[in-house]
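# Structural overview for review
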Amino acid sequence: MNILGIGMIFSRGLGIACFEKALQDGWRKPGEIEVAHGAGRNYPVYLAGLETVQGKTLLKKIRRSDKLAKMSALAAADALVDGGIGGLRDKRVGVIIATAFGAHVTTFSFLDDILDYGDAAVSPTTFSNSVHNAAASYVSLSLDIQGPTLTVTQFQFSFQAAMQLAQTWLDQGRCDYLLVGAVDQYGDVLRYVADRKLAIAEDGKIKPFAFNPTCYVPGEGAVFFLLSGEDRGKSYCRVDAVHTYDDPLHGKPVDINIIDADGMLPDESAYLPSLSPDIPSAAYSPLFGSMMIGSAFNAAAGALMIKRQTRYASPVQDNPHGICILTETGEARIEAIRCMGIDCSQAKSAIYLTSA
Amino acid sequence: MNDEAILITGMGAISAAGNGIAETLAAFERGARNGGPVSLFRTALTYPVFEVKRFPQEYAREGQRTLDLALIAVDQALKDAGLIDPFGFRVGVCMGTTVASQLNDLAFYRSYREQGTAPLAPADRFLKGNLAAVIAQRLKARGPALTVVNACSSGTDAIGAALSWLRSDLCDIVIAGGADELNHVPYCGFASLGIMNDGLCSPFDRDRKGLNLGEGAGVLVLEQKRAAKKRNAASHLTLLGYGSSSDAYHLTAPHPEGVGLKASLQAALAEAQITPDDICFVNAHGTGTKDNDQVEGKILAEAFGPGLAMLSTKGYTGHTLGAAGGLEAVFTAAGLRAGWIPPSIGFENPDTAIPLSPVREKTAVGGRYAVSTSLAFGGNNAALVIGLEGGA
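Attention in this report is confined to the structure presented alongside it. (Residues numbered from 1 in each chain as written. Chains lettered and ligands numbered in written order. Predicted model: local features only at pLDDT ≥ 70, side-chain atom pairs only at ≥ 80, totals over all residues.)

## Points about the overall build of chain A
- Within chain A one finds 10 helices and 15 strands.
- For chain A, whose C-alpha radius of gyration is 19 Å, the value lies close to the compact-globule estimate of 21 Å for 356 residues.
- The dimensions of chain A, computed from C-alpha atoms along their principal axes, are 60 × 55 × 35 Å.
- Here chain A, with 356 residues, has 60% of them falling under the buried criterion. (Helix = DSSP H or I, 4+ residues; strand = E, 2+ residues; numbered from the N terminus. Rg over C-alpha atoms; globule rule 2.2 N^0.38 Å. Buried ≥ 20, exposed ≤ 12 C-beta atoms within 10 Å, placed from the backbone.)

Written as structure tokens, this is what we have:
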């Protein structure tokens, strides 16, 4: 399958152009928020801002939705524009959204309702927006997509699992085009949980090549890929293979390895045996923050690199293990990229991108 | 792509109607309705529910009821399939749920909200409780694992995703279905929407007043023919087609013209390479809400004609949300194999707005193909076509 378009929203803006600029500009210190029960302490976080979004037509259409759904709809619409696909009514388009935590912020708002007002006086609007697939529904509703609309969750491998299913749907002709997206939202309660299991990067700098100990900075955002079996001549790249829980192609030669390391596991040293001294590695989590669906952002970076034939330097290059990392941005011949992930049980995933 | 029929070599089910296929079918024959007041949590609301009573204690662990229900059904299905040791096969796991995908533990949240601290055990259970991942680890499965969270069609969509994996040869065998516990949070949520019944539900009835929530798990073992042959397993039951389509209309209400349901039925039948005339019965979503039953009845009548044998099993199980598609796929397959379907319990009076009535009595079915449908929050619709090789 081919990546025809990419849409995204993250802390540095809306659109693949913003992401490309971030890849060129490199790391920037994240914003800070004062969290509930934080005793006035500020925490670094990469938040996506909706207030700066130009053109509010889409947001008006889904004004009752929560931030998770709004980020999803904006990124999905952006992917369609980027892919140059319009007039969806006569096309068989499907949607698969991957999320690790779904509408947890709205779920906790609904729990507030129960605790504050009792079982019989809760808000139906809050409840219906707290359902895991609400974001996908808003995407299909706002973009008038009547194909299959699915939401999946597999923590670290949510995005890879969605891509794997997308490949089968396209191969089997269930859809002509698929919008496969990944979205997660920052929230105080899950930050509380994460802080008790992971180390926050006090300086706001994720060090993806540290591996152990790791540090994280929460992020949020959405990335959508417009996928199709067709190559319209403007594709970013081809997705050659997607593997979850194992990578039978791990010995395959590629030009660049992109790793999902972002401090979301206390020990990420399981990446080390997979990294070759001859293949430069990159990790872009310092640009968008730590998220279990961060692999989607990394895949977007890989797709951009192949399309532009440009290598983007790893934004944070602390390298205590002396591995071969991408240190400079510049033109390069790039035919194949492996995007690698690991989960809490040290299982591996891989997405192979090649020039179309 | 493998376009041959995928075998259903094992089935497991647990719900308020019974633990296991035999117990469930016996409850269907007796017309047993095990609905009643909530006992699993304290609530000010009085809507009846369908809880699993006599929960097998060997599976019961604190705060993991959805996972426990899933494991009960998985173990039944594996035993039914004779799949004791899947070593040597690429086994995938695809499960639908709603409750297990959310950290909606009220005690945990209350503690965090009031004190700024909370015991992490509920969060740990949530983080270690991804249905597909846990089942895959337990089976040492080497195939893909996926948890589908598509509201009320989650189970059906999980089975559909499994079918796609098998057709694309990503694996040899898939454990697929759905599971959900009765939980305080959706109980309040559905009540807030005004679609809960203060009596027992009556799907497709003129006087229907809404749904009852339930809980359970339904699981199929789906298998490529060559894998079944390799381990000397056999089955006449097959999974032939899956269709899924969005209404793109409203977050909680079905499209009045049922565009998504219509499209999903057409897709499922097309994949199965059969026509509506080949279908001998439909196990409908049939929640007992005004909107769902009216739209679904209308579309089923249009698609299959007014003579269709149709039922809803939610009068026996309640609406089990993410489990519903799994359970109803199991019931559909079991009905085909047994040659009969139970009365659509709760139904008494035809609704003139619905051009199709469900069966009122135990009804013999002699065909080779049946359909199970699911309609979900968010406007997603899904349909499965299940077959019986060598049937009439």
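## What to know about the interface of chain A and chain B
- Taken residue by residue, the interface counts 51 residues in chain A and 55 residues in chain B.
- Sorting the residues of the side of chain A that touches chain B by element identifies α4 (104-117), α5 (124-130), α6 (134-143), β6 (149-153), α7 (158-171) and α8 (188-195) of chain A as the ones contributing at least two each.
- Along the lines of polarity and charge, the residues of the side of chain A that touches chain B split into 25 nonpolar, 21 polar and 5 charged.
- Judged from the 2 bridges that link them, β6(A) and strand β5 (residues 145-148) of chain B form a sheet pairing that is antiparallel. Following the sheet pairing, Val152(A) is matched in β5(B) by Val148(B). (Contact = placed C-beta atoms within 7 Å. Nonpolar A, V, L, I, M, F, W, Y, C, P; charged D, E, K, R; others polar. Pairing = 2+ DSSP bridges.)

## Concerning the packing of helix α9 (residues 259-272) of chain B against helix α10 (residues 290-304) of chain B
Residues and elements named next belong to chain B.
- Contact geometry for α9 and α10: axes closest at 10 Å, N-to-C directions at 40 degrees. Classed by the angle they form, the pair α9 and α10 counts as oblique. Considering how the two elements wind past one another, α9 and α10 form a crossing that is right-handed. Together, Leu261, Lys262 and Leu265 of α9 and Val295, Glu296, Ile299 and Ala303 of α10 make up the contact between the two elements.
- Taken together, the residues that form the contact of α9 with α10 break down as 5 nonpolar, no polar and 2 charged. (Axes fitted to C-alpha atoms, helices over the stretch in contact; angles between N-to-C directions. Parallel < 35°, antiparallel > 145°, perpendicular 65-115°, else oblique. Left-handed = near helix turned anticlockwise from the far one by under 90°.)

## Topic: unusual backbone geometry
Residue and element names in this part refer to chain A.
- Omega for the bond connecting Asn212 with Pro213 falls within 30 degrees of zero, at 0 degrees, which places this linkage in the cis form.
- By the element assignment, Pro213 lies in the loop between α8 and β8 (221-228).
- The phi angle at Phe211 is positive, at roughly 65 degrees, despite the residue not being glycine.
- Position of Phe211 relative to the elements: it lies in the loop between α8 and β8.
- Phi angles above zero are rare outside glycine, and Gln309 is one such case at about 50 degrees.

## Here's the deal with helix α2 (residues 65-81) of chain B
- With 17 residues, α2(B) extends 24 Å between its outermost C-alpha atoms, agreeing within 8% with the 24 Å of an ideal straight helix rising 1.5 Å per residue.
- Just beyond α2(B), the residue with positive phi is Gly82(B), at close to 65 degrees. (Expected span 1.5 Å × (residues − 1).)

## Describing the environment of Asp25(A)
- As for its position among the elements, Asp25(A) is in helix α1 (residues 16-25).
- Put simply, Asp25(A) and Ala313(A) are 288 residues apart on the chain and 9.5 Å apart in space, counted from C-alpha to C-alpha.

## So, the pairing of strand β4 (residues 91-96) of chain B
All names here are of chain B.
- Judged by how many residues are buried, β4 sits mostly within the fold: 6 of 6 residues are covered.
- Side chains Val91, Val93 and Met95 of β4 all project onto a buried face; the interleaved residues Gly92, Cys94 and Gly96 project onto the opposite face, where all are buried too.
- Of the pairings in the sheet, the one linking β4 to strand β6 (residues 173-180) comprises 6 bridges and is parallel in character. Among the inter-strand pairings, Cys94 is bridged to a residue of β6, identified as Ala176.
- Two strands pair when backbone bridges link them, and β4 and β5 are joined in this way by 4 bridges, in the parallel orientation. Note that in β5 the partner of Val93 across the bridge is Ala145.

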